[in-house]
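So the chains spell out like this:
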Amino acid sequence: MFVVHVVASFFSKPQEDPTKMVDRYLSAMRLHDDQLSDISARFQAEMKKGLSEDSNAAAAMKMLPTHVRSTPDGSEKGEFLVLDLGGSKFKVLQVKVREGTGITRGGVEMEEKTYPIPKELHIGSGAELFDHVSESLKDFLHEKNISLEKKHPLAFTFSFPCEQTTVNQGLLLNWSKNFRARGLQGTDVVQALRGSIDRTGGMDVEVLAVVNDTVATMMTCGVDDQYCEVGLIVGTGTNACYMEELRHVGLVEGDEGRMCVNTEWGAFGDDGALEGYITEFDRDVDAASNNPGKQILEKMVSGMYLGELVRLVVLKMAKLRLLFHGHVSDALRTKGTITTEHVAAMEEDKTGLKNTRNILVDLDLTPSSDDCVAVRHVGTVVSFRSSNLVAAGLAAILTRIKQNRNLRTFRITVGVDGSVYKRHPQFPRRLHEVVRRLLPECDVRFVLSDSGSSKGAALVAAVAQRLASRRLQVDETLSPFRLSQEQLQVMKTRMRMGLEAGLKSKGPSALKMLPSFVYRTPDGTEHGKYLSLDLGARNFRAMLVNFKQGLQPNSPLYHKMYPVPPEVMQGSGEELFDLIAQCVSDFLDYTGMKNARLPACFIFSFPCEQTAIDTGSLVSWTKGFHATGCEGRDVVSMLREAIERRNEFDLDIAAVVNDTVATMMSCACEDALCEIGLIAGSGTNVCYMEELKNIEKSEDKTGQMERGEEDKDDGRERERTEIPKMCVNTEWGGLGDDGSLDDIITPYDIEVDRNSLHPEKQRFEKLTSGMYLGEVVRRVLLDLTRGGLLFRGHVTEALKTPGMFQTKYLSQIESGRLALLQVRSILQQLGLDCTCDDSIIVKEVCGAVSRRAAQLCGAGMAAVVDKIRENRGLDHLNITVGVDGTLYKLHPHFSGILQETARVLAPRCDMTFLPSEGRWKGAALIAAMARQQLEM
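Keep in mind the model is a prediction, meaning the values are calculated, not measured.

Peer 1: Where do I start with the nonpolar core in this structure?
Peer 2: The nonpolar side chains of soluble globular proteins are, as a tendency, buried together. Within the largest apolar cluster, 117 residues are counted, with the highest numbers of intra-cluster contacts made by Ile676, Phe805 and Met861. Setting aside anything within four residues of it in sequence, one finds phenylalanine 805 in contact with Gly774, Glu775, Val777, Arg778, Leu781, Leu810, Ile813, Ile826, Leu827, Leu830 and Cys846. If you look at the next biggest cluster of nonpolar residues, it comprises 91 residues, including Ile278, Leu360, Cys372 and Leu439.

Peer 1: Would you mind showing me how to read unusual backbone geometry here?
Peer 2: The general pattern is negative phi for most residues beyond glycine and trans for most peptide bonds. Notably, asparagine 647 is not glycine yet its phi reads approximately 55°, a positive angle. With respect to the helices and strands, the residue asparagine 647 is situated in the loop between helix H21 (635-646) and strand E22 (652-657). Despite not being glycine, glutamine 762 shows a phi value in the positive range, around 55°. Checked against the element boundaries, glutamine 762 lands in the loop between helix H24 (747-754) and helix H25 (763-768). For glutamine 762, a relative accessible area of 10% puts it in the buried group.

Peer 1: Help me out: how do you make sense of the sheet that holds strand E29 (residues 909-915) in this one?
Peer 2: Sheet strands pair by backbone hydrogen bonding; their relative direction is either parallel or antiparallel. One open sheet accounts for six strands, arranged E15-E27-E24-E23-E28-E29; its pairing is mixed. A strand with exactly one partner marks an edge of an open sheet, and here the two such strands are strand E15 (514-515) and E29. Relative to strand E28 (residues 877-884), strand E23 (residues 674-680) runs parallel, the two sharing five bridges. Opposite glycine 677, over in E28, you have glycine 882 as the bridge partner. With respect to the sheet, helix H29 (residues 836-871) is in contact with E23, strand E24 (684-691), E28 and E29, its orientation differing from that of E24 by roughly 5°.

Peer 1: Is there a simple way to explain the environment of glycine 307 in this structure?
Peer 2: For glycine 307, the location among the structural elements is in helix H10 (residues 303-319). Through-space distance from the C-alpha of glycine 307 to that of leucine 799 is 63 Å; in sequence the pair is 492 residues apart.

Peer 1: Help me understand the environment of serine 136 in this model?
Peer 2: Tracing the chain through its elements places serine 136 in helix H5 (residues 126-143). Distance from serine 136 to lysine 91, taken between C-alpha atoms, is 8.8 Å for residues 45 residues apart in sequence. Discounting residues that sit within four places of it in the chain, serine 136 has contacts with Phe90, Val92 and Tyr115.

Peer 1: What exactly am I supposed to notice about the pattern of salt bridges here?
Peer 2: Pairs may arise between side chains of opposite charge once their charged atoms sit close together. Evaluation of the coordinates by the stated rule reveals 63 salt bridges. A salt bridge links aspartate 131 to arginine 199; the nearest nitrogen and oxygen atoms lie 2.9 Å apart. Here arginine 199 lies in helix H6 (residues 189-200) and aspartate 131 lies in helix H5, a separation of 68 residues in the sequence. For arginine 247, the salt bridge is made with glutamate 245, and the minimal N-O distance between the two is 3.6 Å.

Peer 1: Honestly, the sheet that holds strand E2 (residues 78-85) in this entry has me stumped. Any pointers?
Peer 2: Strand order in the open sheet made by the five strands is E4-E3-E2-E5-E8, with mixed pairing throughout. Among the strands making up the open sheet, the edge pair consists of strand E4 (108-115) and strand E8 (205-211). With strand direction ignored, the average angle separating the axes of adjacent strands in the sheet is 20°. Where strand E5 (residues 152-158) meets E8, six bridges bridge the pair, whose relative direction is parallel.

Basis of the calculations
Residues numbered from 1 in each chain as written. Predicted model: local features only at pLDDT ≥ 70, side-chain atom pairs only at ≥ 80, totals over all residues. Heavy atoms only, no water. Core = buried A, V, L, I, M, F, W, Y, C linked by side-chain atoms within 4.5 Å. Buried < 20%, exposed > 50% of the residue type's maximum accessible area, 1.4 Å probe, protein only. Contact = heavy atoms within 4.5 Å. Helix = DSSP H or I, 4+ residues; strand = E, 2+ residues; numbered from the N terminus. Pairing = 2+ DSSP bridges. Axes fitted to C-alpha atoms, helices over the stretch in contact; angles between N-to-C directions. Salt bridge = Lys/Arg side-chain N within 4 Å of Asp/Glu carboxyl O.

What follows is the structure in structure tokens.
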């Protein structure tokens, strides 16, 4: 705390050097290097607190993200209007960056006009203040003969703390610098400005960016110095900004690259961080301000307060008879009679003492020579403390940058503006010396802004204009993927029509609606050992399952997976089924069950026309398979023939089922309400329990109807009221093969289909399944790159290669806060040099493609559950959907979007989505049920 010395101690040495007397009196303001290092350490702690999402709300320094991600690179161009509001003056400017010349070759032209802001507007309504701003803008356009018909891009330099979520939006947190206009705090100042411009009328203006003057200063100086990554204002107010690593900016998603952070360091000390360094004079200044307890550092440093600090010190010393023989004039007692300009004049090298005398005489004082020396030295101490505190803050920022980049030494430039820095004769030198003394290992240079902050604001607007143009083009590219509720409702209707048409015995249908000859879900009586044989996307799996009681094996007894090479997937059918027989033989050796003729269920994840539970003729290959000689043939017979050719073992193939049916059965043993199966993985499909009377194509309908009504189950007769059902494999991936999806299919989908193994087939699957989504994304990225919207227009051979962008990347890219790092890693694998903005666009493309897929599946599911509800004449349906597939399980958003879409489109159905622990269980249960049926 500042301690007032006993007056007598000063009179004991009447001949004492006036400067030493002032030094002793203001000892608390004379900061030494160890104290400055302590302040710098406190400053670093406050920066860390403000950057953290968890502690930002309680931080005095808000460390506000600006969404300015780079300093100028020389490519900026265009004509811009700039409004500069925040200091002692308000300016309107036109800034021209000539095309073909560029900012680095002197291609910037500026015209400006300063407009006074009446003091009553500082404390009036926000609407009145901004109306004055917009009227001044219109006057400027008239005076400079700038067309009022043309649309003008505009940058708004607004030198007050704002919370920004984009570069063209800013919520005012609080006023400073004697501004306190009503009705603006907590609102978007850009929106308020647009409102005023609309009220003024006669102007076509697009506000592209709102920037703090500190940020604009850094950008201005960055034009001529590529090392400029810090902006500093020491004028009416004070502030600093710098380029922070994005991974440390907790309030912004992302982790790659840098973003300029507006520290709002004028509030340093508001939470007590400067305790021990605040003097009684600082407390008096704060108490008399418009915002007591706020902007503590600013009140110790900036031009709005330095003169008043000097006046209070001189007044107190006069009252203590240390100056002017104790004489105190009314002028000296009056707030504001000593200004910062006076303090600067006092410190002029040659005329400082003379200026001091004139200032004191104007205050109705009669100073002696010693009085003039003493008062001049008071100004020196106060202004020197200001530069010391600024140096401590800069040292904290530069230390953080050095630590962020893990450098022992580095070169950096600080762009500076502000009346104190520009007009005080000693301030810059003192600041530079102290910063270099505190950070001897750093090469710190200071560049004075030659045109204020206006050029920098225009450059931010130029970048924003370029990004806005890119944003528009990206939005246009992705708009076909963004489905409206109306489109989704149409999709639900089309799926429902496809379901109905596919159930009929005659007439064309894109949905095959294949009977599975599975008539019920498990009842708990199934027991014994069974094999599950599963041919899916790129692998064949064999599992041995043992049911004892309760149908609850958490895992198979034995499990083995075998890859299916691409040459076999697309070779001959005989080669494919010989490979399966070889894998089964190996598995039986592995389990020691080669001599046991086990019942098996063959999970065959492709469309099959079944006439019984153990026969299935392949309708068409999907998911990359194209083995010849298989379509139209019974796949069970082909497997039996392969086993006979091998002549090593015998197998009782009790059933063949689709993977969707096996998934439903697996979940049904855990939830009796499960009557739907969904696969969302490499492929996509749905099955459900349909009323047998509706399945016209089922040749076994009559007999099964009778069995459904009088079926025996351990001797117990089923209730005659039970409606016979059969699980139907919809094969909904074929929706659209008849052209019904043409209105939502994009050019990228057409390219993917054209280059697939089965053109014009499985159109719905190609919009929704994992086998194709990555390729759709690749083609969108390729198109955006060729249009110069990504990767600086550089197309690599890898990006042109089909299949290089795998669907698993979508899950990685769209998950977690580390997503942008993941994006860059993936794109580097593709040989692409990715910027932060590129990463954001890539993530958006992935999101648009995967969201559309999930929504389409959700619309299809809504059609299925509503059909079941209406079949049963229910006002409300409760049902469970068993789900499997990597896309559903691994993608961070797919499942949630699918479920939400289905619920919105089928509001009278309550759906529970139950992930399958493994369809092997369902397949084994179907084999068990098939053998039970034969035994009855």
